[in-house]
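Listed below are the residues making up each chain.
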Amino acid sequence: MAYKLGEVILSRESIARRVHELAEDIARDNGKDNSVVIVGILTGAAFFLTDLVREMPEDMDVRVDFMSVASYGDSTTSSGVVRIFHDLKSSIEGKNVIVVEDIVDTGLTLSHLLELLKGRHPASLKVCVLLDKYERRKTEVKVDYCGFRIPDKFVVGYGLDCAGKWRHLKDIKYVIEE
């Protein structure tokens with residue numbers, strides 16, 4: 001199947017504004033004196049996470065770590081079982097943790113990931129997503145910080161890809177099947 005780029009759904013300017021607002025919300029909620037561990041879910045969230053932490057105040061103690069996870073099963077349906085390809089380098093026990101994800105749709109993978117991380121006893125565990133396809137949700141996942149709710153359409157850019165393509169785009173665009 002071939003794909004082509006469609007219209008812009010979110011411009012780089014609107015993304016930048018919203019990322020700044022999210023960073024302000026996180027800083028306000030965690031306080032300048034509190035530390036936070038930002039856990040980015042690779043690979044899609046790397047772009048969002050980078051811009052997000054650069055918007056946080058200089059005097060905030062911000063640590064960054066990454067995980068690479070996937071749910072597996074058949075090619076069209078998530079089993080909800082999380083397979084870890086890359087785990088955290090440091091302990092999160094007793095720390096304020098924010099999981100940063102590019103997009104959440106069914107919520108299955110994120111739900112299982114959060115259960116896994118809760119078992120590591122953080123002081124707090126929150127979720128920050130750039131995009132939320134809420135209408136596709138199969139399990140309830142609390143999103144504490146949400147960039148944008150979007151319709152159930154395939155999108156690329158700003159870290160999101162289609163078979164490895166278009167992750168580098170500065171805007172987020174729809175993908176059209178040809």
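Everything below is about the structure shown above.
Residues numbered from 1 in each chain as written. Predicted model: local features only at pLDDT ≥ 70, side-chain atom pairs only at ≥ 80, totals over all residues. Heavy atoms only, no water.

*Asks:* Help me out: how do you make sense of the overall build of the protein in this one?
*Replies:* Each helix and strand in the protein was counted, giving three helices and nine strands. The order of α-helices and β-strands along the protein, N terminus first, is β-α-β-α-β-β-β-α-β-β-β-β. What you see for the protein is a C-alpha radius of gyration of 16 Å, in line with the 16 Å of a compact globule of 178 residues. Along the longest, intermediate and shortest principal axes, the C-alpha atoms of the protein span 50 × 35 × 25 Å. Every one of the 178 residues in the protein was classed for burial, and the buried ones make up 41%. A separation threshold of at least 6 residues defines the contact pool for the protein, and within that pool the share at least 24 residues apart is 67%. Surface exposure of the protein reaches about 9500 Å², of which carbon and sulfur atoms provide 46%. When the 25 basic and 29 acidic side-chain charges of the protein are each reduced to a single mean position, those positions are 2 Å apart. (Helix = DSSP H or I, 4+ residues; strand = E, 2+ residues; numbered from the N terminus. Rg over C-alpha atoms; globule rule 2.2 N^0.38 Å. Buried < 20%, exposed > 50% of the residue type's maximum accessible area, 1.4 Å probe, protein only. Contact = heavy atoms within 4.5 Å. Areas by Shrake-Rupley, 256 points an atom, 1.4 Å probe, with all protein chains shown as cover. Lys, Arg positive; Asp, Glu negative; His and termini not counted. Charge placed at Lys NZ, Arg CZ, Asp CG, Glu CD.)

*Asks:* Help me understand the sheet that holds strand S9 (residues 172-177) in this model?
*Replies:* Two modes of strand pairing occur in sheets, parallel and antiparallel, and in both the strands are linked by backbone hydrogen bonds. Spatial strand order, S1-S9-S8: three strands in an open sheet with antiparallel pairing. A strand with exactly one partner marks an edge of an open sheet, and here the two such strands are strand S1 (3-10) and strand S8 (155-156). (Pairing = 2+ DSSP bridges.)

*Asks:* Is there a simple way to explain the pattern of salt bridges in this structure?
*Replies:* Pairs can form between side chains of opposite charge once their charged atoms are near each other. On inspection of all chains with the given rule, the structure shows 14 salt bridges. A salt bridge links aspartate 87 to arginine 120; the nearest nitrogen and oxygen atoms lie 2.8 Å apart. In this pair, aspartate 87 sits in the loop between strand S4 (81-86) and strand S5 (96-104) while arginine 120 sits in the loop between helix H3 (108-118) and strand S6 (124-132), placing the two residues 33 residues apart along the sequence. Ionic contacts of the salt-bridge type, sharing partners, join the residues Asp25, Arg28 and Asp29 into one network. (Salt bridge = Lys/Arg side-chain N within 4 Å of Asp/Glu carboxyl O.)

*Asks:* Is there a simple way to think about the packing of helix H1 (residues 12-30) against helix H2 (residues 45-54) in this case?
*Replies:* The geometry of a pair of packed helices is captured by two quantities: the angle between their axes and the separation between those axes. Between H1 and H2, the shortest axis-to-axis distance is 8 Å and the interhelical angle comes to 60°. As far as their axial angle goes, H2 and H1 are oblique. In the crossing of H1 with H2, the sense of the turn from one axis to the other is right-handed. Along its contact with H1, which presents Val19, Leu22, Ala23 and Ile26, the element H2 presents Phe48, Asp51 and Leu52. (Axes fitted to C-alpha atoms, helices over the stretch in contact; angles between N-to-C directions. Parallel < 35°, antiparallel > 145°, perpendicular 65-115°, else oblique. Left-handed = near helix turned anticlockwise from the far one by under 90°.)

*Asks:* For this particular structure, what's the right way to read the pairing of S9?
*Replies:* Regular strands show a simple pattern: their side chains alternate between the two faces of the sheet. In the sheet, S1 pairs with S9 via five bridges, with the strands oriented antiparallel. Bridge assignment links valine 8 to a residue of S9, and that residue is lysine 173. Sheet analysis places S8 next to S9, joined by two bridges and oriented antiparallel. By the bridge assignment, valine 156 is partnered in S9 with lysine 173.

*Asks:* Would you explain unusual backbone geometry in this entry?
*Replies:* Trans peptide bonds make up the majority, and among non-glycine residues the majority have a negative phi. Between leucine 42 and threonine 43 the backbone carries a cis peptide bond, its omega angle lying at 5°. Tracing the backbone through its elements, the reader meets threonine 43 in the loop between strand S2 (35-42) and H2. Of note, tyrosine 158 is a non-glycine position whose phi angle comes to about 50°, a positive value. On the secondary structure map, tyrosine 158 appears in the loop between S8 and S9. Unlike most non-glycine residues, alanine 163 shows phi in positive territory, near 50°. Taking the relative accessible area as the measure of exposure, alanine 163 reaches 80% and is therefore exposed.

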